[in-house]
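Overview (structure and organization)
Okay, here's what each chain looks like letter by letter:
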Amino acid sequence: MQTLLVTGGAGFIGANFVLQAVADGLPVVNLDKLTYAGNLDTLAPLQGDQRHVFVLGDIGDHTRVARLLAEHRPDAIVNFAAESHVDRSIDGPAEFVQTNVVGTLALLECARDYWRGLEGAARDSFRFLHVSTDEVYGSLGAEGKFTETTPYAPNSPYSASKAASDHLVRAFQHTYGLPT
């Protein structure tokens, strides 16, 4: 049975992903810092469910993340953790860079080190899934669409920090072979 480490799993999108994953029978270790966007009430249906382990913590805490990986041996990491909301990033961009760039880098380093220690089928099947935002592509206007080939054009500290994290994920795939 696959085990997932989900970061940001108490946020709106992350929590709904966790609820569905557990409903599908997957064990989930849920790491969330519980900032303004986290809401444990969303996860209330999982209270007492042995398939869901909630851990209060930061993706930038290398020691905690490495310990969770060693203890729970997940088959995949799904990274929803992020500071979000454009207006908040305009008022205080440093927090966005710290979580979205520095935190993602710490998570990637832990994932890379963990993956390198896996063998055989466990190593072959391991995945790191990073969730981004359409904001990295800039402003759309009243019509149109973005695709994965649209050039990045971030217009706020939030979108710039998410674009930077996307590029780090790509670099870890290219440089280290981390399956992202």
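Structure first, text after, so check above.
Let me sum up the structure you'll find in this document.

Rules and cut-offs
- Residues numbered from 1 in each chain as written.
- Predicted model: local features only at pLDDT ≥ 70, side-chain atom pairs only at ≥ 80, totals over all residues.
- Heavy atoms only, no water.
- Core = buried A, V, L, I, M, F, W, Y, C linked by side-chain atoms within 4.5 Å.
- Buried < 20%, exposed > 50% of the residue type's maximum accessible area, 1.4 Å probe, protein only.
- Helix = DSSP H or I, 4+ residues; strand = E, 2+ residues; numbered from the N terminus.
- Contact = heavy atoms within 4.5 Å.
- Salt bridge = Lys/Arg side-chain N within 4 Å of Asp/Glu carboxyl O.
- Pairing = 2+ DSSP bridges.
- Axes fitted to C-alpha atoms, helices over the stretch in contact; angles between N-to-C directions.

The next point concerns the nonpolar core. If you look at the biggest cluster of nonpolar residues, it comprises 22 residues, and the most contacted ones within it are Leu-31, Leu-69, Ile-77, Phe-126, Phe-128 and Leu-178. Contributions of two or more residues to this core are made by strand S2 (28-32), helix H2 (62-72), helix H4 (93-117) and helix H6 (157-176). With six residues, H4 is the single largest residue contributor to this core. What Leu-69 contacts, discounting residues up to four positions off in sequence, is Leu-5, Pro-74, Ile-77, Cys-110, Ala-111 and Tyr-114. Listed in part, the 13 residues of the second largest apolar core include Ala-10, Ala-21, Leu-43 and Val-78.

In total, this model carries six salt bridges according to the counting rule given. The partner of Arg-88 in a salt bridge is Glu-83, with the nearest N and O atoms 3.3 Å apart. Ionic contacts of the salt-bridge type, sharing partners, join the residues Glu-83, Arg-88 and Glu-95 into one network.

Before going further, it helps to spend a moment on the sheet that holds strand S5 (residues 127-130). Spatially, the five strands line up as an open sheet ordered S3-S2-S1-S4-S5, and their pairing is parallel. Every interior strand has two partners, whereas the edge strands, strand S3 (52-56) and S5, have only one. Averaged over all pairs of adjacent strands, the angle between their axes in this sheet comes to 15 degrees, without regard to strand direction. Sitting on the sheet, H2 touches strand S1 (4-7), S2, S3 and strand S4 (76-79), and the angle it makes with S2 is about 175 degrees.

Just geometry here; none of it tells us what the structure is for.
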